[in-house]
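Remarks on the overall topology
These are the residues of each chain, in order.
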Amino acid sequence: MFCFQCEQTAGSKGCTKVGVCSKSPETAKMQDVLILQLKGIGYYCNELVNKGEEICRETADFTMEGCFATLTNVNFDNDRFLQYIKKANKIKKELIEKVGNESAPKDADFMAPETVEQVLALPDMPNLGVMDDENLDMDIRSLREMLIYGLKGMSAYAHHAFVQGGYDKEVVNGMVRFLGETLRKDITVEELLNLNMELGKCNFKCMEVLDNANTGNYGHPEPTEMLITKKKGPFIVVSGHDLRDLRELLEQTEGKGVNIYTHGEMLPGCAYPELKKHKYLIGNFGGAWQDQQKEFDNLPGCILMTSNCLMKPRDSYKDRLYTTSVVGWDDVKHIEYNKDQPKDFTEMINQALELGGFKEDEPEKRITVGFGRNAVLSNAGAIIEAVKAGKIRHFFLVGGCDGARPGRNYYTEFAEQSPDDTIILTLACGKFRFNKLDLGTVAGFPKVLDVGQCNDAYGAIQIALALANAFECDVNELPLSYIISWYEQKAVVVLLTMLSLGLKNIYLGPTLPAFVTPNILQVLVDKFGLRPVSTPEKDLEEILGKK
Ligand code: FS2
Ligand code: SF4
């Protein structure tokens, strides 16, 4: 195996024996084969679009779901990957019959064998995996993989939008075109750079569609004081990003005496009016994803994983863990997706009741969440006044993924050391590094404004664009700096979106992606002023000293 798609990759170079995430070499191979299948499907779908025809909904759904399943910490189940591979063969066959195979690039028509053993026995071949061709220029490989990881990220956002009624043809057409382009052998560095920027723009659209689906279904998040301590009684912990799953579970637990806690990236779910109206959505349990094995150990309740980030389950809670949607782990109960019907959570609800839950209440503690774009921008007037009066000197967007590396203390220290007249906007699971610290208020606002999930990066960018409009300046002239932490591929595509919108001087950490070669890094530094984080002291001085 060879995988270097995420930040915790072995030795900051690549996982070659087994994933640091626990991905086995077998699962890595199943994923590589599926990705090769999807590249071909992308190519043929794009041919269909060029002929003026539409991609059918089933193929679009499958492309997003299959790609999402290969994202870090999502699906580790070889049998599930085999099902995806079989379906990919079927879809591809139909596409070839429709559009022909005359000018297709090599391997676009690759058909995979249909047993796990046969897939695992496939020999090395061009386009299969990252290190498919030892003669490939490393900068081309770097940008090709960046494009593929960006596509994995966008597929996640698209999937979340699709299941909530936010379907968009522009996003689907972009997805298949970019997938098909990764098969081209004559591609140049410049073309690949442009494709990555085009993907960033396409993802902005995708995130807009997702934002509309979320706010259209559940209303705009509103500032909400959320419980972060345990309450007595049976419970279910809901993790991941899928708000539709949260809603369906809330509807099915109505009147049953089961408390619902959000976990990880589901935390902002507590701030949507149509979700928080369910009074037994009582709070958030635990911290970021990398703490789950410790926090779920012997948990007297059930856990539902609706998307990333899933870690190898311990035996002490495996029997009360449930996956759904794209998520999968061998021998863990899986709740199927029903297209037009709600999912059936009965078994999990009954198990939660049997387990009995927490024995007593913990002393109460709350934090404030729910500063989505609407909540922040409805205060735009007061914010602008406070900036003009010198009460707010600077904004930092400290957002992105959390992870296990010790260097991630940078983000806690950055928040602690940021001066008292600065405000931190945050989103995604990186916020767990500082969202429970009492950092007080600035000009009447909480110092830390929680914009939401990584899925809400669209909202954060809208806030920046609206402020630039209000101050009548370029977005890069705002008193706003971006301090981004990355871990998986959604962060890759959000970064591409930010770059494609012209946002400059982004600080990226805790380490730079292993898939970015020194030459490509230099391009990103020269063109966009992208820079690695150093120490909070130095970076704060560099940012604020300049102002
Ligand atoms: Fe965090 Fe994990 Fe949000 Fe990422 S819960 S690192 O996949 O999606 O952010
Ligand atoms: Fe390694 Fe990350 Fe790939 Fe897992 S996803 S195998 S940890 S690079």
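Residues numbered from 1 in each chain as written. Chains lettered and ligands numbered in written order. Predicted model: local features only at pLDDT ≥ 70, side-chain atom pairs only at ≥ 80, totals over all residues.

**Digging into the overall build of the protein chain**
- In terms of regular secondary structure, the protein chain is built from 19 helices and 16 strands.
- Taking 547 residues into account, the globule formula puts the C-alpha radius of gyration at 24 Å, and the protein chain, at 23 Å, falls close to it.
- Expressed along its principal axes, the backbone C-alpha trace of the protein chain runs to roughly 65 × 60 × 45 Å.
- Counting every position in the protein chain, which comprises 547 residues, the buried fraction comes to 51%.
- The long-range fraction of contacts in the protein chain, counting pairs at least 24 apart against all pairs at least 6 apart in sequence, stands at 75%. (Helix = DSSP H or I, 4+ residues; strand = E, 2+ residues; numbered from the N terminus. Rg over C-alpha atoms; globule rule 2.2 N^0.38 Å. Buried ≥ 20, exposed ≤ 12 C-beta atoms within 10 Å, placed from the backbone. Contact = placed C-beta atoms within 7 Å.)

**Remarks on the site of ligand 2**
- Ligand 2 sits among Cys-3, Phe-4, Gln-5, Cys-6, Gln-8, Thr-9, Cys-15, Gly-19, Val-20, Cys-21, Lys-23 and Thr-72.
- Considered class by class, the residues forming the shell around ligand 2 number six nonpolar, five polar and one charged. (Near = placed C-beta within 6 Å. Nonpolar A, V, L, I, M, F, W, Y, C, P; charged D, E, K, R; others polar.)

**A few points about the site of ligand 1**
- Close contacts around ligand 1 come from 14 residues, with Asn-308, Cys-309, Cys-401, Cys-429 and Cys-454 the closest.
- When grouped by side-chain class, the residues that make up the shell around ligand 1 number seven nonpolar, three polar and four charged.
- In terms of domain composition, the shell around ligand 1 takes at least three residues from each of domain 2 (224-355) and domain 3 (379-546). (Domains from an automatic or database assignment.)

**Focus on the packing of helix H6 (residues 169-181) against helix H7 (residues 189-218)**
- Two elements in contact, H6 and H7, have axes whose closest approach is 9 Å; the angle formed by their N-to-C orientations is 150°. In this view, H6 runs roughly antiparallel relative to H7, as classed from their interaxial angle. Like other packed secondary-structure pairs, H6 and H7 cross with a definite hand, here left-handed. Every residue of H7 that contacts H6 at Glu-170, Val-171, Gly-174, Phe-178 and Glu-181 is listed here: Leu-195, Leu-199, Cys-202, Lys-205, Cys-206 and Val-209.
- Here the residues of the contact of H6 with H7 are counted per class, giving seven nonpolar, one polar and three charged. (Axes fitted to C-alpha atoms, helices over the stretch in contact; angles between N-to-C directions. Parallel < 35°, antiparallel > 145°, perpendicular 65-115°, else oblique. Left-handed = near helix turned anticlockwise from the far one by under 90°.)

**Topic: the domain arrangement of the protein chain**
- With domains assigned, the protein chain is organised as domain 1 (10-217), domain 2 (224-355) and domain 3 (379-546).
- Computed from C-alpha atoms alone, the centre-to-centre distance between domain 1 and domain 3 is 30 Å.
- Taken together, the contact between domain 1 and domain 3 spans 32 residues of the former and 22 residues of the latter.
- Looking at which element gives the most residues to the side of domain 1 that touches domain 3, the answer is helix H5 (residues 138-162), with 14 residues.
- Taken together, the residues that form the side of domain 1 that touches domain 3 break down as 14 nonpolar, eleven polar and seven charged.

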